[in-house]
Amino acid sequence: MAEGKPWWREFVETILWALVIALILRTFIVQAFWIPSGSMVPTLEPRDRVLVAKFWYSFRKPERGDIFVFKFPLDPKRDFVKRIIGLPGDSLDVRDGIVYINEKPLHEKYVKWRDDFSLFPNILFPQVPIRIPEGRYFAMGDNRSHSQDSRYWGFVPEEYIRGPVFFRYWPFNRIGVVY
């Protein structure tokens, strides 16, 4: 009768394989993030926990309306979550809190509280309306009056995008798909 591996070796191998699989999943497939601020209220509340599909944009380009996680352009060590408003090549303007894409007002049912913000030519955006460069995205929070977003710090480079938010797993009373 052949002897098997000792129990402790089986245990160590199981733990190592579990760690390797978890690392692969977190690096390439799905990652959990928590929402630190109210910039996405009412869609996402502070302290919500969400899952991001890191692989998703390998199959399709980011789309207007996607809620996504990205590295903050002014400090890439930090992650932000916002909604994609402007796509590469779009002409974008904001007048009295209304976003205009290619000269047409954008219908945004997810924005409950608008501010009266208007884009004016400045150091960041010398010409208004803005033409969004290739490989760049314009991101805004749903809670416009409490969101530091592309209006204040500029475009999100495509290579800084981690992936779309697709599921909220905390708190339990708000579990579900995120739109």
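The paragraphs below set out a description of the structure included in this document. (Residues numbered from 1 in each chain as written. Predicted model: local features only at pLDDT ≥ 70, side-chain atom pairs only at ≥ 80, totals over all residues. Heavy atoms only, no water.)

1. Observations regarding the layout of surface pockets
So, step 1. In this structure, the largest pocket spans a volume of roughly 160 Å³.
So, step 2. Lining the largest pocket are Pro 36, Ser 37, Ser 39, Arg 78, Asp 79, Phe 80, Val 81, Lys 82, His 146, Ser 147 and Gln 148.
So, step 3. Of the residues in the lining of the largest pocket, the class split is three nonpolar, five polar and three charged. (1 Å grid on protein atoms, 1.4 Å probe; cavity = no way out; pocket = protein on both sides within 12 Å on 5 of 7 lines; lining within 4 Å. Points joined across faces, edges and corners; volume = space filled by probe spheres on them. Nonpolar A, V, L, I, M, F, W, Y, C, P; charged D, E, K, R; others polar.)

2. Description of the environment of Arg 95
So, step 1. When you line up the elements, Arg 95 lands in strand S5 (residues 91-95).
So, step 2. C-alpha of Arg 95 to C-alpha of Asp 149: the two residues are 54 residues apart in sequence and 16 Å apart in space.
So, step 3. Ignoring sequence-local partners within four residues, the contact set of Arg 95 consists of Tyr 100, Phe 117 and Ser 118. (Helix = DSSP H or I, 4+ residues; strand = E, 2+ residues; numbered from the N terminus. Contact = heavy atoms within 4.5 Å.)

3. Examining the pattern of salt bridges
A side chain with one charge can pair with a side chain of the opposite charge if their charged atoms come near.
So, step 1. According to the stated counting rule, one finds 13 salt bridges in the structure shown.
So, step 2. In this structure, the salt-bridge partner of Asp 79 is Arg 162, at a minimum N-O distance of 2.6 Å. In this pair, Asp 79 is assigned in strand S4 (residues 75-86) and Arg 162 in strand S11 (residues 161-170), connecting sequence segments 83 residues apart.
So, step 3. Overall, Asp 79 belongs to the partly exposed group, its relative accessible area being 31%.
So, step 4. The class for Arg 162 is partly exposed, based on a relative accessible area of 25%.
So, step 5. Of the charged contacts, one joins Glu 108 and Arg 144 as a salt bridge, the two residues approaching to 2.6 Å between their closest N and O atoms. Of the two residues, Glu 108 is situated in the loop between strand S7 (104-105) and strand S8 (130-131) and Arg 144 in the loop between strand S9 (136-140) and helix H2 (150-153); the sequence distance between them amounts to 36 residues. (Salt bridge = Lys/Arg side-chain N within 4 Å of Asp/Glu carboxyl O. Buried < 20%, exposed > 50% of the residue type's maximum accessible area, 1.4 Å probe, protein only.)

4. Things to note about the nonpolar core
So, step 1. Residues Ile 85, Leu 92, Val 99, Leu 119, Ile 130 and Phe 138 are the most contacted members of the largest nonpolar core, which totals 16 residues.
So, step 2. Elements with a minimum of two residues in this core: S5, strand S6 (98-101) and S9.
So, step 3. Other than its neighbours up to four places away in sequence, Leu 92 contacts Ile 85, Gly 86, Val 99, Tyr 100, Ile 101, Leu 119, Pro 129, Ile 130, Ile 132 and Phe 138.
So, step 4. Formed by 12 residues, the second largest nonpolar core is a distinct cluster that contains Phe 70, Ile 84, Leu 87 and Tyr 137. (Core = buried A, V, L, I, M, F, W, Y, C linked by side-chain atoms within 4.5 Å.)

5. Quick notes on unusual backbone geometry
So, step 1. Looking along the chain, the bond that leaves Val 41 and enters Pro 42 is cis, with omega of 10°.
So, step 2. Take Pro 42: it is sitting in the loop between strand S1 (30-34) and strand S2 (49-53).
So, step 3. Looking along the chain, the bond that leaves Val 128 and enters Pro 129 is cis, with omega of 5°.
So, step 4. Checked against the element boundaries, Pro 129 lands in the loop between S7 and S8.

6. Digging into the packing of aromatic side chains
So, step 1. Per the stated rule, a full pass over the model turns up 13 aromatic pairs.
So, step 2. Plain terms: the ring middles of Phe 55 and Trp 56 are 6.0 Å apart, the flat faces sit at 75° to each other, and that makes the pair edge-to-face.
So, step 3. For Trp 56, a relative accessible area of 36% puts it in the partly exposed group.
So, step 4. With a centroid separation of 6.2 Å and an interplanar angle of 75°, the aromatic rings of Phe 80 and Trp 153 are classed as edge-to-face. Of this pair, Phe 80 sits in strand S4 while Trp 153 is found in helix H2, placing the two residues 73 residues apart along the sequence. Assigned by exposure class, Phe 80 and Trp 153 land together as buried.
So, step 5. Among the aromatic side chains, those forming a connected cluster through ring pairs are Phe 68, Phe 70, Phe 72, Phe 80 and Trp 153.
So, step 6. Above the face of the Tyr 160 ring, Lys 71 is positioned so that its terminal group lies 5.2 Å from the ring centre. (Phe/Tyr/Trp six-rings, centres within 6.5 Å; stacked < 30°, edge-to-face > 60°. Lys NZ or Arg CZ within 6 Å of the ring centre and 35° of its normal.)

7. Description of the sheet that holds S6
So, step 1. Taking strand neighbours across the sheet as the criterion, the four strands line up as S7-S6-S5-S8 in an open arrangement whose pairing is antiparallel. Each edge of the open sheet is held by one strand with a lone partner, namely S7 and S8.
So, step 2. Here S6 runs beside S7; their pairing, made up of two bridges, is antiparallel. Among the inter-strand pairings, Tyr 100 is bridged to a residue of S7, identified as Pro 105. (Pairing = 2+ DSSP bridges.)

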